[in-house]
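Results of the structural survey
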Amino acid sequence: MAFTLAPLPYAYDALEPHIDKQTMQIHHDKHHQAYVDNLNKAIAGTEHENKSIEELVKNAGTISPAVRNNGGGHWNHTFFWDSLQGNGGAASGKLAEAINSSFGSVDGLKEKMTAAGTTRFGSGWAWLIVKDGKLEVSSTPNQDNPLMDVAEVKGTPIFGIDVWEHAYYLKYQNKRPDYLAAIWNVVNWNKVAERFEAASK
Ligand code: MN
């Protein structure tokens, strides 16, 4: 079965003014679609054709560069759309406690993620992961992620920020730190908390 691109879980303009409608249209409809199409091409007629996206991503380093880049791209973007929403709210409950214990406060987490995102040279992702039962911040190049066999820091992602220029350039131009500051207004904290609970079991 070929992979397909799911619609965004909200309207293209739902994250305005923090992430603009045109960026979301191009990012989802063009960039994410291209990862899906190229992943399908890379696995068509191979032994990998019927594997789940999770299985492909976990073994990406040994399968092929095309699966690593496009399978990673497909997994990462699906995860990213689900990580966001208009009127993001705030972290609460066990997740908030874990953030406070690992980073001092939500601001401490933001600082770490911003540092991870701004120091990632070129294209990549900043991640909040659960590793050995604890929260940690990491980053990956290109479309790698912490689930991959090739990841420098492995863990279960519960939140991630796309720091490719295509994620912010129309509105923020070269100002990646401004984008990294604005995105906290549109975090789907309920989703992050749900992933945290699942990863902590
Ligand atoms: Mn992207």
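Right, let's walk through the structure included here. (Residues numbered from 1 in each chain as written. Predicted model: local features only at pLDDT ≥ 70, side-chain atom pairs only at ≥ 80, totals over all residues. Heavy atoms only, no water.)

**A word on the sheet that holds strand β2 (residues 134-141)**
Two pairing modes exist for strands in a sheet, parallel and antiparallel, and in both the strands are linked by backbone hydrogen bonds. The criterion, for reference: A strand pair is defined by DSSP finding two or more bridges across the two strands. Only runs of H or I of at least four residues qualify as helices and only runs of E of at least two qualify as strands under DSSP, and these elements are numbered from the N terminus. Here an axis means a line fitted to C-alpha atoms, over the contact stretch when the element is a helix, while the angle between two N-to-C directions is reported on a 0 to 180 degree scale. Note on definitions: a residue-residue contact is assigned when non-hydrogen atoms from the two residues lie within 4.5 Å.
Here three strands make up an open sheet; going across it, the order is β2-β1-β3 and the pairing antiparallel. Edge positions in the sheet fall to β2 and β3 (156-162), since each of these pairs with one other strand and no more. Each strand of the sheet is rotated relative to its neighbour by a mean of 25 degrees, with strand direction disregarded. Note that strand β1 (residues 124-131) and β2 share eight bridges and pair antiparallel. Following the sheet pairing, L128 is matched in β2 by V137. Sheet strands touched by helix α4 (residues 65-82): β1 and β3. Its angle to β3, the strand with the most contacts, is close to 85 degrees.

**Quick word on the packing of aromatic side chains**
Put simply, the test is: Paired rings are identified among Phe, Tyr and Trp, the last through its six-membered ring, by centres lying within 6.5 Å, and are further divided according to the angle between planes into stacked (under 30 degrees), edge-to-face (over 60) and tilted (the rest). For every residue, the accessible area obtained with a 1.4 Å probe (protein chains only) is divided by the maximum for its type, and the residue is called buried under 20%, exposed over 50%, and partly exposed between those limits. Note on geometry: a ring has a charge over it if NZ (lysine) or CZ (arginine) is within 6 Å of the ring centre and within 35 degrees of the ring normal.
Evaluated as defined, the whole model comprises 10 aromatic pairs. Note on W75 and F79: the rings are 4.8 Å apart at their centroids and 20 degrees apart in plane angle, and the pair reads as stacked. Of the two residues, W75 and F79 both sit in helix α4, four residues apart, roughly one turn of that helix. Across the pair, exposure class does not vary: W75 and F79 are buried alike. Taking the centre distance of 5.3 Å and the plane angle of 15 degrees together, the rings of W125 and W127 count as stacked. With relative accessibility at 0%, the residue W127 sits in the buried group. Taken together, the aromatic side chains of W75, F79, F80, W81, W125 and W127 make up a single cluster linked through ring pairs. Directly above the aromatic system of Y172 lies the positively charged group of K171, at a separation of 5.7 Å from the ring centroid.

**Description of the pattern of salt bridges**
Spelled out, the test is: Salt bridges are defined as contacts in which a side-chain nitrogen from Lys or Arg sits within 4 Å of a carboxyl oxygen from Asp or Glu.
For the structure shown, the criterion picks out two salt bridges. Among the salt bridges present, the one from R68 reaches D144, with a minimum N-O distance of 2.7 Å. Placement of R68 in helix α4 and of D144 in the loop between β2 and β3 is noted, with a sequence separation of 76 residues between them. Judged by relative accessible area, R68 falls into the partly exposed class, the value being 28%. Residue D144 is classed as buried on the basis of its relative accessible area of 4%. Taking the shortest distance from any N to any O, the salt bridge between E194 and K191 comes out at 3.1 Å. Here K191 and E194 lie together in helix α9 (residues 189-200), a separation of three residues that amounts to about one turn.

**A short note on the environment of V187**
On the secondary structure map, V187 appears in the loop between α8 (176-182) and α9. Looking at V187, the relative accessible area reads 0%, which means it is buried. Considered as a pair, V187 and A14 are 173 residues apart in the sequence and their alpha carbons are 12 Å apart. Excluding its chain neighbours within four sequence positions, the residues that come into contact with V187 are S83, Q85, G88, F159 and V192.

**Digging into the packing of helix α5 (residues 93-103) against α9**
Condition: Geometric relationships in this document are graded by angle, where less than 35 degrees denotes roughly parallel, more than 145 denotes roughly antiparallel, 65 to 115 denotes roughly perpendicular, and other angles denote oblique. The classification used treats Ala, Val, Leu, Ile, Met, Phe, Trp, Tyr, Cys and Pro as nonpolar, Asp, Glu, Lys and Arg as charged, and all other residues, Gly among them, as polar.
Close contact between α5 and α9 brings their axes to 9 Å; oriented N to C, the two are set at 80 degrees. When the axis of α5 is compared with that of α9, the two are roughly perpendicular. Residues K94, L95, A98 and I99 of α5 form the contact with α9, whose participating residues are W189, V192, A193, F196 and E197. Across the contact of α5 with α9, the residue classes break down as seven nonpolar, no polar and two charged.

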